[in-house]
Amino acid sequence: QLPDAAADAQVRADDRGHVFHSWSAQAKIDPMPVAAGEGSTFWDYQGNAYLDFSSQLVNLNLGHQHPDLVAAIQQQAGRLATIQPIMANDVRGELARRIAEVAPGDLDKVFFTNGGADANEYAVRMARAVTGRRKVLSMYRSYHGGTAAAISLTGDPRRWANDPSDGSVAHFFGPYAYRSPFHATTEAEEAQRALEHLENLIVLEGAATVAAVIIETIVGTNGVLVPPAGYLPGVRALCDKYGIVYIADEVMVGFGRIGEWFAVNHFGVTPDLITFAKGVNSGYVPLGGVVISDRIAAHFDDVAFAGGLTYSGHPLACAAGVATFEVFERDAILERVRDLGSRIVEPALRAMAERHPSVGEVRGVGLFWAIELVRDASTREPLVPFNASGPDAAPMAELAAACKAAGLWPFTHFNRVHVAPPLVITEEELVRGLAIIDEALEVADRYVA
Ligand code: PLP
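Residues numbered from 1 in each chain as written. Predicted model: local features only at pLDDT ≥ 70, side-chain atom pairs only at ≥ 80, totals over all residues.

(A) Representation of the overall build of the protein chain in the model. Within the protein chain one finds 14 helices and 16 strands. For 449 residues, the compact-globule formula gives about 22 Å, and the C-alpha radius of gyration of the protein chain, at 22 Å, lands near that figure. Once the C-alpha set of the protein chain is aligned to its principal axes, its extents read approximately 60 × 60 × 45 Å. Per-residue burial over the protein chain gives 49% buried out of 449 residues. (Helix = DSSP H or I, 4+ residues; strand = E, 2+ residues; numbered from the N terminus. Rg over C-alpha atoms; globule rule 2.2 N^0.38 Å. Buried ≥ 20, exposed ≤ 12 C-beta atoms within 10 Å, placed from the backbone.)

(B) Just the site of the ligand, in detail. The local shell around the ligand holds 16 residues, among which Gly115, Gly116, Ala117, Gly145 and Val251 are the closest. By residue number, the principal contributor to the shell around the ligand is helix H5 (residues 116–131), which donates three residues. Residues of the shell around the ligand, tallied by class, amount to six nonpolar, eight polar and two charged. (Near = placed C-beta within 6 Å. Nonpolar A, V, L, I, M, F, W, Y, C, P; charged D, E, K, R; others polar.)

(C) Summary view of the domain arrangement of the protein chain. Domain annotation of the protein chain identifies domain 1 (5–65 + 332–445) and domain 2 (68–330). A straight line from the C-alpha centre of domain 1 to that of domain 2 covers 25 Å. Across the contact, 30 residues belong to domain 1 and 27 residues belong to domain 2. Among the secondary structure elements, those contributing two or more residues to the side of domain 1 that touches domain 2 are helix H2 (55–58), helix H12 (333–355), strand E11 (359–365), strand E12 (368–376) and strand E16 (416–419). Broken down by class, the residue content of the side of domain 1 that touches domain 2 amounts to 13 nonpolar, eleven polar and six charged. (Domains from an automatic or database assignment. Contact = placed C-beta atoms within 7 Å.)

(D) Examining the pairing of E11 more closely. Most of E11 is tucked away: six of the seven residues are buried. Of the pairings in the sheet, the one linking E11 to E12 comprises six bridges and is antiparallel in character. Each bridged residue has a counterpart across the sheet, and for Val365 the counterpart in E12 is Phe368. Linkage of E11 to E12, two consecutive antiparallel strands, is achieved through a turn of two residues, within which Gly366 is found at a positive phi near 60 degrees. (Pairing = 2+ DSSP bridges.)

(E) Structural view of the environment of Arg380. Structurally, Arg380 is set in the loop between E12 and strand E13 (381–382). Residue classification places Arg380 among the partly exposed positions, given that 13 C-beta atoms sit within 10 Å. Distance in space between the C-alpha atoms of Arg380 and Arg179 is 8.2 Å, their sequence separation being 201 residues. Apart from the residues within four sequence positions on either side, Arg380 is in contact with Arg179, Gly360 and Val374.

(F) Examining the packing of helix H13 (residues 394–405) against helix H14 (residues 427–445) more closely. Between H13 and H14, the shortest axis-to-axis distance is 9 Å and the interhelical angle comes to 150 degrees. Between H13 and H14, the crossing angle belongs to the class labelled roughly antiparallel. By crossing handedness, the relation of H13 to H14 is classed as right-handed. Counting all contacts with H13, which are made through Pro395, Glu398, Leu399, Ala402 and Cys403, the residues of H14 involved are Ile436, Ile437, Ala440, Val443 and Ala444. Counted by class, the contact of H13 with H14 contains nine nonpolar, no polar and one charged residues. (Axes fitted to C-alpha atoms, helices over the stretch in contact; angles between N-to-C directions. Parallel < 35°, antiparallel > 145°, perpendicular 65-115°, else oblique. Left-handed = near helix turned anticlockwise from the far one by under 90°.)

(G) Examining the environment of Ser358 more closely. When you line up the elements, Ser358 lands in the loop between H12 and E11. In this structure the C-alpha to C-alpha distance between Ser358 and Tyr231, which are 127 residues apart in sequence, comes to 29 Å. Those residues within four positions of Ser358 in sequence are excluded, and the remaining contacts are Leu373, Val374, Leu383, Leu441, Ala444, Asp445, Tyr447 and Val448.

See below:
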């Protein structure tokens, strides 16, 4: 990609003049103009290349400009660019069938949305309709989306400025062995105490008022928190005991991120509803949805489902979704993710944990990992405070800058660096990217007490 100063200036001017950006103080941001992308790399207009270890927003599972996805969208656009949701459409139906085939248990129907937040909105709406109850329980360490219900379910600081606080959501602590909220010393203890905590919450909130529990199968942006063995089956059992709908939010971890179609498959649990988006078609055209169990779907056999979207099951988005299934199968993407994760990423991160005093813990599965950074390994004091910004966040900003200067686009959040590259990343790129992080961690090491 050749430098193009004029285009760079024009893109910057239009953006700064007229584009209003997400989650940002508009005068304090400087969005990077991106000229092109291919595979795991994208380029700015100055000729710099960045290896994307964040898959954009952990959605670009098949990388930039995958030829099969591009061709599928082009062909669909030439055939039938759009059709309203009440009609039956070939790619919409095929994608729904293929999703149902890889979903666990009796999750056989799909309601399509435009993304992850609205998938969670509709999952909650279904749970409320089926149970006749209103309350929903979700984790403090969670992100479920930016729209009204989804942001109130969200536990992380993005909720603070948006919380409607209408009493319909209660938050709980999930398992997090490295910073155990339950003073547990083993994973088994953590799982058991986290379940006791959840059951207490259900009982004290009034089990008969609780419609749903929503859980990211592996908590994503808030830490790549892999639940200990037994936790999710325990959640399933609690939901059965109290007649509560179990919603698995797989917006970030579904579609191959951890080497499974759905992350619940890794843990052997079957929720009542699974929400998805991002990796279903790598975000080439916005798409999300809810996979629905037969029991919940049957509730709406004779009662109308009170919800809809003009673009539900958009053919361009669904064509890219069908192509995603074809690529995953032909190129054995799930096997590839498991192999790269266990053979390359895990050993490299464990070696970094040995070498760098700033690394408190590394954890993850497949191509979804977190490096948690601390000032002091014995006290586990985070490298930067929770939700730090400005000067407080300087160590993380410097670390990110070191990665970028070396040609790597990192995913950083609070005191963590996540490793979430496209699932099609080459071995050479993966090794190179990990080496860049390894070297950049020296920036964090300087802050260790
Ligand atoms: N749920 C999870 C776990 C997510 O990570 C996200 C987005 O990052 C969402 C929901 C919201 O998805 P969207 O931004 O497509 O609305």
